[in-house]
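Architecture at a glance
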Amino acid sequence: MMKAAQITARGKIELVDAADPGAPKPGQVVVTAETGCLCGSDIPFFSEAQPAYPLPPGLSLHEIIGRVTATASPAFKSGDRVLAMPRGLVGCVEQLVLGDDRLVPIDDTLSNDAAVLSQPMATVLSALSTIPNAVGLTVAVLGQGPIGLLFDACLSSAGAARIIGIDAREARVSRSCEFGATDVFVTRERGGRDAIDHVAQLTGGVMADLVVEAVGHEEQQFNLAAALARNKGRMLYFGIPPDKGIDVTFEPVVRKSLTIHTSVPEDLRPFVRIAQRMITRGRIDPARLITHRFPFAQVQTAFETYRDRRDGALKVLLDF
């Protein structure tokens, strides 16, 4: 038997016994987890009411570093160190059986902490690949959590001229310039009216060439993103919105002739490799995002810390 984390009620996650994964089928490997990293995509399962409990064991975790302990794939051998990205986010377990298309080998020079963050960094790089060119752009990044800060860093590396980090939380924008933002702003007004005025002042009324929405979920900011974009500008909608109850106004999008980009890549592996190269060459150090870590036995505290943003929590690690 192995241990798995299971959400048993709203805001409650506990360790339970689960069956070992067994022998892998052709094209599969078994990975023993070493380090996991919580993501904003994991939290709604924990913090929002679900139709029925308990949820499936292992839900939710998808940024994991581990070692191959059994293999039926010619691409991996026992002992290989890998980034594991389980389908369905069912990765909060001690051992996983995965198809080899959900794994990326890890450079030996990378620590587990840096390597696990190559996954969220890869999602940012994948999203930015939908933008023709960032060189010289004025960019507003809505949301300065871990993903927003990674956008700051990657946009700076890509040659953006001005990066305006915007968030409703002072603690988050306090890190923005460290990651490449040239300007920061804490919005305190409903709908971000103060942020609109601030960006207008910074740009002489032109507004941003590109607006990145990196908030998502129940706090999504589609309308503010549209308001911050210049005529014929672009919106990169990265944050995943809730299924319903969204207040979205398309009139500004139409009147400004905005182009909207979204990004849910079919295959993240090429971007993970790019992220790893950037990290090993010292271009970006995503490990600076790590603020907390807990042993797997304290998974409840880890999820609470991430959900509540305790003590300025950005990235929260689990050590298996």
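Residues numbered from 1 in each chain as written. Predicted model: local features only at pLDDT ≥ 70, side-chain atom pairs only at ≥ 80, totals over all residues. Heavy atoms only, no water.

A closer look at the packing of helix 3 (residues 118–128) against helix 9 (residues 269–280)
Where helix 3 contacts helix 9, the axes come no closer than 8 Å and their chain directions differ by 110°. Our classification of the angle between helix 3 and helix 9 gives roughly perpendicular. By crossing handedness, the relation of helix 3 to helix 9 is classed as right-handed. Note on element contacts: helix 9 touches helix 3 through F271, V272, I274, A275, Q276, M278 and I279, opposite S118, M121, A122, L125 and S126. (Axes fitted to C-alpha atoms, helices over the stretch in contact; angles between N-to-C directions. Helix = DSSP H or I, 4+ residues; strand = E, 2+ residues; numbered from the N terminus. Parallel < 35°, antiparallel > 145°, perpendicular 65-115°, else oblique. Left-handed = near helix turned anticlockwise from the far one by under 90°. Contact = heavy atoms within 4.5 Å.)

Concerning the sheet that holds strand 13 (residues 259–262)
If you walk across this open sheet you meet the six strands as 10-9-8-11-12-13, and the pairing is parallel. Lying at the two open borders of the sheet, with one neighbouring strand each, are strand 10 (183–186) and strand 13. Strand-to-strand, the axes of this sheet are offset by a mean angle of 20°, without reference to chain direction. Examined bridge by bridge, strand 9 (residues 162–167) and strand 10 share four bridges and lie parallel to one another. Within the sheet, the bridge partner assigned to D167 lies in strand 10 and is V186. Contacts from helix 4 (residues 146–158) reach strand 8 (138–142), strand 9, strand 11 (208–213) and strand 12 (229–237), with the element oriented near 165° to strand 8. On top of the sheet, helix 6 (residues 193–202) reaches strand 9, strand 10 and strand 11; it is set at about 155° to strand 10, its chief contact. (Pairing = 2+ DSSP bridges.)

Quick look at the packing of aromatic side chains
Evaluation of the coordinates by the stated rule reveals five aromatic pairs. Summarising the aromatic geometry, the rings of F222 and Y237 are spaced 5.7 Å apart at their centres and angled 50° between planes, so their arrangement reads as tilted. One end of the pair, F222, is in helix 7 (residues 222–228); the other, Y237, is in strand 12, and 15 residues separate them in sequence. Among the residues examined, F222 registers a relative accessible area of 7% and is labelled buried. One cation-aromatic arrangement involves R288 over F179; the distance from NZ or CZ to the ring centre is 4.3 Å. (Phe/Tyr/Trp six-rings, centres within 6.5 Å; stacked < 30°, edge-to-face > 60°. Buried < 20%, exposed > 50% of the residue type's maximum accessible area, 1.4 Å probe, protein only. Lys NZ or Arg CZ within 6 Å of the ring centre and 35° of its normal.)

Focus: the nonpolar core
Ranked by internal contacts, the top residues of the largest apolar core, which has 48 residues, are M121, V139, F151, L155, L210, V212 and L236. Sort the elements by how many residues they give to this core and helix 4 lands first, with seven residues. The residues contacting F151, other than those within four sequence positions of it, are V124, A127, L128, V141, V212, A214, L236 and F238. In terms of nonpolar packing, the next biggest core, distinct from the first, is built from 35 residues, M2, V82, L103 and L318 among them. (Core = buried A, V, L, I, M, F, W, Y, C linked by side-chain atoms within 4.5 Å.)

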